[in-house]
Amino acid sequence: QVQLVESGGGLVQAGGSLRLSCAASGTIFRINYMGWYRQAPGKQRESVAGFTRGGSTNYADSVKGRFTISRDTAKKTVYLQMNLLKPDDTAVYYCNADITTFSTRRDDYWGQGTQVTVSS
């Protein structure tokens, strides 16, 4: 069993900052990928930022220079520091992880989502 638990969403004014956290727990042998997606009302879920197992990062063009993803591998936790937030960043943010468990099964996992609302 694997769980992803997110925290840190909320309401902020445009130009403000928020920090999201996502902690993975359970029978984890290896985390192959861990990152963040978001879904705004009426839109498809999109990738925001993520870490590959090798440590490379990727960002959506819309957040480059404003968002920073970081991680604590010992805690199996990723963070998303979001600065200079815009109303267009309003969405439910989901943590996503590609994890291999001790049973050698590899699956895709999602957190429950955390709401980020940016007011103008």
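In what follows, the accompanying structure is described.

Cut-offs applied
- Residue numbers restart at each chain and count upward from 1, following the sequence in its written direction.
- With pLDDT at 70 or above as the cut-off, local features in this predicted model cover only qualifying residues; side-chain atom pairs require 80 or more to be listed or tallied, and sums for whole chains, interfaces and linings still use all residues.
- Based on all heavy atoms of the structure, the side-chain values leave hydrogens and waters out of the count.
- Counting from the N terminus, the helices are DSSP H or I runs at least four residues long and the strands are E runs at least two residues long.
- For the radius of gyration, the atoms used are the C-alpha atoms, and the globule rule reads 2.2 Å times the number of residues raised to 0.38.
- Only protein chains enter the calculation, and the probe is 1.4 Å; a residue is then buried if its accessible area is under 20% of its type maximum, exposed if over 50%, and partly exposed in between.
- Working rule for contacts: check all heavy atoms of both residues, and any pair within 4.5 Å makes them a contact.
- All accessible-area figures derive from a Shrake-Rupley calculation using a 1.4 Å probe, and residue coverage is judged against the displayed protein chains alone.
- Strands qualify as paired when DSSP identifies two bridges or more between them.
- Geometry is summarised by axes, namely lines fitted to C-alpha atoms with helices restricted to the contacting stretch, and by angles between N-to-C directions that run from 0 to 180 degrees.
- By definition here, a salt bridge exists when the distance from a side-chain nitrogen of Lys or Arg to a carboxyl oxygen of Asp or Glu is within 4 Å.

## Here we look at the overall build of the chain
The helix and strand tally for the chain stands at zero helices and eleven strands. Starting at the N terminus, the α and β elements of the chain follow one another as β-β-β-β-β-β-β-β-β-β-β. The C-alpha atoms of the chain give 14 Å as radius of gyration, which agrees with the globular expectation for 120 residues (14 Å, within 12%). If you line up the chain on its principal axes, its C-alpha atoms span 50 × 25 × 25 Å. Counting only residues that meet the buried cut, the chain has 42% of its 120 residues in that class. For the chain, long-range pairs separated by at least 24 residues make up 54% of all intrachain contacts whose partners lie at least 6 apart in sequence. In the form shown here, the chain has an accessible surface area of approximately 6500 Å², with 47% of it arising from carbon and sulfur atoms.

## Focus: the sheet that holds strand β3 (residues 18-26)
Within the open sheet, the four strands sit side by side as β1-β3-β8-β7. Their pairing is antiparallel. Either end of the sheet is taken by a strand with one partner, and the two such strands are β1 (2-7) and β7 (67-72). Each neighbouring strand pair of the sheet contributes to a mean axis angle of 15 degrees, computed without reference to strand direction.

## Here's the deal with the pattern of salt bridges
Per the counting criterion, the structure on display carries six salt bridges. Among the salt bridges present, the one from Arg106 reaches Asp98, with a minimum N-O distance of 2.8 Å. The class of Arg106 is exposed, set by a relative accessible area of 52%. Residue Asp107 is joined to Arg105 by a salt bridge in which the shortest nitrogen-to-oxygen separation is 2.5 Å. With relative accessibility at 23%, the residue Asp107 sits in the partly exposed group. A network of salt bridges, in which partner residues are shared, links Arg38, Glu46, Arg66 and Asp89.

## Observations concerning unusual backbone geometry
Within the chain, Lys76 stands out as a residue other than glycine whose phi angle is a positive 55 degrees. On the secondary structure map, Lys76 appears in the loop between β7 and β8 (77-82). By relative accessible area, which is 30% here, Lys76 ends up partly exposed. The phi dihedral of Leu84 is positive, around 50 degrees, even though this residue is not glycine. Examined against the element boundaries, Leu84 turns out to sit in the loop between β8 and β9 (91-101). You can call Leu84 exposed: its relative accessible area is 53%.

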